[in-house]
Amino acid sequence: MEPPPELKRNSFPSMNFEAEILTTPHDNSELYTIPSMRSLTAEEYVEAFKSFLDHSTEHQCMDEFNKEQMPHIVAGLGPGKSTISVLGVGSGTGEQDLKMIRILQAVHPGVFIDNEIVEPNPQHVAAYKELVKQAPDLENVSFIWHQLTSLEYEQQVKEKGTHKKFDFIHMIQMLYRVEDIPNTIKFFHSCLDHHGKLLIIILSDSSGWASLWRRHRDCLPATDRGHYITCSGITAVLRALGAQHRVFELPSAWDITECFRDGDALGARMMDFLTGTKNFLGTAPAALRRRLRDALCQPECSSTRDGRVIFSNNLSMIVVES
Ligand SMILES: C[S@@+](CC[C@H](N)C(=O)[O-])C[C@H]1O[C@@H](n2cnc3c(N)ncnc32)[C@H](O)[C@@H]1O
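These numbers come from a predicted model, not from an experiment.

J.: An account of the pairing of strand S4 (residues 166-172) is needed here, citing residue identities and associated values.
T.: For S4, the buried fraction is high: seven of the seven residues fall into the buried class. Relative to S4, strand S1 (residues 83-89) is paired through four bridges, and the arrangement is parallel. Paired with Gly88 across the two strands is His170, which belongs to S4. In terms of strand pairing, S4 meets strand S5 (residues 192-203) through six bridges, oriented parallel. Across the sheet, the residue bridging to Phe168 is Lys197, located in S5. Running through helix H8 (residues 181-190), the crossover from S4 to the neighbouring parallel element S5 is right-handed.

Encoded structure:
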């Protein structure tokens, strides 16, 4: 019997064993992560995320959902209550949260809104607080920020034995980075009061991200520490929990044209967001850069409009009953 081909190892001077493992491609290809490649820090993530938001219709897509569906979804919340309790998980800088609070105010005039936020990034928390300070129309709303990950919040709740119930909980584009997706959903679903609703917004199975993760995962560097999860992964968890839910699919697009221009600062930041890697274009081996750019151009990921490369960022809005 032929012995298996020996795995090619990449060694550089003064490289430790861990670095050597990192640089050794498991399939003997040249598409590997080199030691200078690293994940984004929290501050760098903020910058990269902003460049994504500025060049995608992510928030416009959510606005459309807010306008068309949210008033009906929140109409039955907290029947007869004078206070509606809301929990935002992974709320970021709060723009989406405030839009939802304003819908609640419009649908339930005069009701007090008690809003709690679980968000681990200190910069995001600070920006959210600033946004609230600048907002003139939030007098019937109270805010409590927990600068924690969802798991830390869960542990705190369990330790204190104070299992507060909420009428509305949302987890918008944040499940990619939680430690354990099924348990996180199970825990926050258990935090819903009677007639409460949990809104999960996640990338759709029809998005370019889904194709990239399904077909070209080997193009993505190991520095991207997120979960490659889309709508069907979440609905499978909900089915296993026996939680009743509805899914709304909405189109969204991301203009990634600059990602193909060497030396373009915006393109570099967007590639960092896409790969979860700091300075991906400056640190990834040429073959890896080429593979990823090729994958991004495939029709299952993007289309071309007026000479621009438009990556599909379609979203799924999942509304879960208590
Ligand atoms: C893509 S942003 C979405 C922010 C906001 N929900 C929106 O749609 O604009 C993801 C957010 O989840 C937060 N996050 C990351 N890991 C988390 C965790 N384990 N628990 C809670 N939030 C987390 C990040 O700090 C970030 O603010």
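J.: Before we move on, can you summarise the site of the ligand with the specific residues and values?
T.: What surrounds the ligand is a group of 17 residues, the closest being Gly90, Glu119, His124, Ser150 and Ile172. In the environment of the ligand, an oxygen atom lies 2.6 Å from a nitrogen or oxygen atom belonging to the side chain of Glu119. Between Ser150 and the ligand, the recorded distance is 2.9 Å, taken from a backbone N or O atom to a nitrogen atom. Protein chains bury 92% of the 600 Å² of accessible surface belonging to the ligand in isolation.

J.: If you had to explain the environment of Arg308 to someone new, which residues and values would you point to?
T.: Its location among the elements puts Arg308 in strand S9 (residues 308-312). Judged by relative accessible area, Arg308 falls into the partly exposed class, the value being 27%. Distance from Arg308 to Asp255, taken between C-alpha atoms, is 6.9 Å for residues 53 residues apart in sequence. In this structure Arg308 touches Asp255, Thr257, Glu258, Arg261 and Ser303, once residues within four positions along its chain are discounted. Side-chain polar atoms of Arg308 contact the side chain of Thr257, separated by 3.3 Å. Within the local environment of Arg308, its side chain forms a polar contact with the side chain of Glu258, the two groups lying 3.0 Å apart.

J.: So what about the sheet that holds S9? Which residues, and what values?
T.: Taken together, the three strands give an open sheet; going across it, the order is S7-S9-S8, and neighbouring strands pair in antiparallel fashion. Edge positions in the open sheet fall to strand S7 (253-255) and strand S8 (302-305), since each of these has one partner strand only. Averaged over neighbouring strand pairs, the angle between their axes works out to 35° when direction is ignored.

J.: I'd love a proper account of the packing of helix H2 (residues 42-54) against helix H11 (residues 265-275), names of residues and values included.
T.: Where H2 contacts H11, the axes come no closer than 8 Å and their chain directions differ by 110°. Taken together, the axes of H2 and H11 are roughly perpendicular relative to one another. The segment H2 lies against H11, with Tyr45, Glu47, Ala48, Phe49, Ser51 and Phe52 engaging Leu266, Arg269, Met270 and Phe273. For the contact of H2 with H11, the per-class residue count stands at seven nonpolar, one polar and two charged.

J.: Can you tell me about the packing of aromatic side chains, naming the residues and giving the values?
T.: The relative placement of two aromatic rings is captured by the distance of their centres and the angle of their planes. Under the definition given, this model contains 22 aromatic pairs. When the ring of Tyr45 is compared with that of Phe273, the centres are 6.0 Å apart and the planes differ by 45°; the resulting orientation is tilted. With Tyr45 in helix H2 and Phe273 in helix H11, the pair connects residues that are 228 residues apart, well separated along the chain. We classify Tyr45 as partly exposed; its relative accessible area is 25%. Centroid distance Trp209 to Phe311: 5.5 Å. Interplanar angle 80°. Geometry classified as edge-to-face. Separated by 102 residues along the polypeptide, Trp209 in helix H9 (residues 208-215) and Phe311 in strand S9 bring together distant segments of the chain. We classify Trp209 as buried; its relative accessible area is 5%.

Conventions and cut-offs
Residues numbered from 1 in each chain as written. Predicted model: local features only at pLDDT ≥ 70, side-chain atom pairs only at ≥ 80, totals over all residues. Heavy atoms only, no water. Buried < 20%, exposed > 50% of the residue type's maximum accessible area, 1.4 Å probe, protein only. Helix = DSSP H or I, 4+ residues; strand = E, 2+ residues; numbered from the N terminus. Pairing = 2+ DSSP bridges. Right-handed = clockwise from strand over helix to strand, strands pointing away. Near = heavy atom within 4 Å. Polar contact = N/O pair within 3.5 Å; in protein donor to acceptor, adjacent residues only side chain to side chain. Areas by Shrake-Rupley, 256 points an atom, 1.4 Å probe, with all protein chains shown as cover. Contact = heavy atoms within 4.5 Å. Axes fitted to C-alpha atoms, helices over the stretch in contact; angles between N-to-C directions. Parallel < 35°, antiparallel > 145°, perpendicular 65-115°, else oblique. Nonpolar A, V, L, I, M, F, W, Y, C, P; charged D, E, K, R; others polar. Phe/Tyr/Trp six-rings, centres within 6.5 Å; stacked < 30°, edge-to-face > 60°.

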